[in-house]
Amino acid sequence: MLNEREIESCYLGQFIPVHYHHNMLMDNNRMHSFKSAIDYVVKPGMKVLELGGGTGVLSWFAAAKADKVYCVEFNPDMVQQAQKFLAINPNGEKVEVIHADAFEYLPPEPVDVVICEMIHVAMLREKQVEVIESFKRRYAQKFGGPLPVFIPEAVLMAAQPLQQEYDFEGFYAPIVQFQETGVVHNNTVELAQPAIYAVVDFTQPNALSYAWQGKFVVERAGTVNAMRFVTKNILAVVQERATTIDWLNHYMTLPLAQPVQVRAGDVLQVSFAYRAGGSIPSLEASLQAAVVFEAEEVAAAEAIPAFA
């Protein structure tokens, strides 16, 4: 009988399809950001571990400077892909591809840097948080301190109320959507500023679930029928320049079961709860929104003289 993690791994996380890994190679934003962060963090002579290596590209970035890179991958198809690609790239011989479960594997020696990119928007689907928390406990038991440097170092997660168009050539379908960042989406209206609901610092212990209730001041009238989830990965902190090397996941927009009419100045309360690595429908089912302060009614009440 498979447990929950084993069942999910059959279609999520460590067993995402091969073509998905190929698409990640073509994501210039992701590739450039990770290459820059790895080049900054990894110093000559270091030992590096990658958990969930996929095609092996991030391990290969590390091999430009590292003496040794352990690349752990659970999917046997991806193990073969990584071995094939590394064999035809310079410094590929520095990377040892290991067919193992990232939840269980520990390197044979202490390492300086751990790279792990099991990241989905909102820390859903893939097992980034759970894998890193498991690794930290087991690594400390085997090697003691200090812990390696992690790439990414931290993750910021935010939510934002939207009015989202769900008309597809006349066919109404409120579906989950993924949107590119840094471009204008004509069918999306932002009704309030985003609010951070969680910060994951991989150097510290992290919870494996998120439960949030927050308020938004509505900036324009409309219908809140969706929530956008924003995930900003802090890949490396460049202390000497007081800046960071970041990677922003695609936005994820989830429809609300009960849309809410709002006016500018209203206060919208939103709540949700989900497990790190859980399914998108689990978050979608927990989403709730309601107006808790109506700006126009209060303004009208204040206009009535106290002696009337």
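Remember, predicted model here, so these are calculated numbers, not experimental data. (Residues numbered from 1 in each chain as written. Predicted model: local features only at pLDDT ≥ 70, side-chain atom pairs only at ≥ 80, totals over all residues. Heavy atoms only, no water.)

Undergrad: So, the overall build of the protein chain: which residues are in play, and what are the values?
TA: For the protein chain, the helix and strand inventory stands at 8 helices and 17 strands. If you line up the protein chain on its principal axes, its C-alpha atoms span 85 × 45 × 40 Å. Looking at the protein chain residue by residue over its 308 residues, the buried ones come to 49%. Counting only contacts in the protein chain whose residues sit at least 6 apart along the sequence, the fraction spanning at least 24 positions is 76%. With the model as given, the accessible surface of the protein chain reaches about 15,000 Å², and the carbon-plus-sulfur share is 54%. (Helix = DSSP H or I, 4+ residues; strand = E, 2+ residues; numbered from the N terminus. Buried < 20%, exposed > 50% of the residue type's maximum accessible area, 1.4 Å probe, protein only. Contact = heavy atoms within 4.5 Å. Areas by Shrake-Rupley, 256 points an atom, 1.4 Å probe, with all protein chains shown as cover.)

Undergrad: Describe a nonpolar patch on the surface, listing the residues and the values that go with them.
TA: A cluster of nonpolar side chains, namely Phe-168, Phe-171 and Ile-175, defines an oily patch on the protein surface of about 300 Å² accessible area. On the secondary structure map, Phe-171 appears in strand E8 (residues 171-172). Residue class for Phe-171 comes out exposed when judged on its relative accessible area of 58%. (Patch = residues over 30% accessible without salt bridge, like charges linked within 9 Å, V, L, I, M, F, W, Y side chains within 5 Å. Salt bridge = Lys/Arg side-chain N within 4 Å of Asp/Glu carboxyl O.)

Undergrad: Quick rundown of the pattern of salt bridges? Include the residues and the values.
TA: Enumeration according to the criterion identifies 7 salt bridges in this entry. One salt bridge in this structure joins Lys-68 and Glu-96, with 3.0 Å as the shortest N-O distance. Of the two residues, Lys-68 is situated in strand E2 (residues 68-73) and Glu-96 in strand E3 (residues 95-99); the sequence distance between them amounts to 28 residues. Judged by its relative accessible area of 35%, Glu-96 is partly exposed. Across the pair Arg-263 and Glu-294 runs a salt bridge whose closest N-O atoms are separated by 3.4 Å. On the criterion of sequence distance, the pair formed by Arg-263 in the loop between strand E15 (251-262) and strand E16 (267-275) and Glu-294 in the loop between strand E17 (288-293) and helix H8 (295-302) is long-range, its members being 31 residues apart. Taking relative accessible area as the criterion, Arg-263 reaches 28% and is therefore assigned partly exposed.

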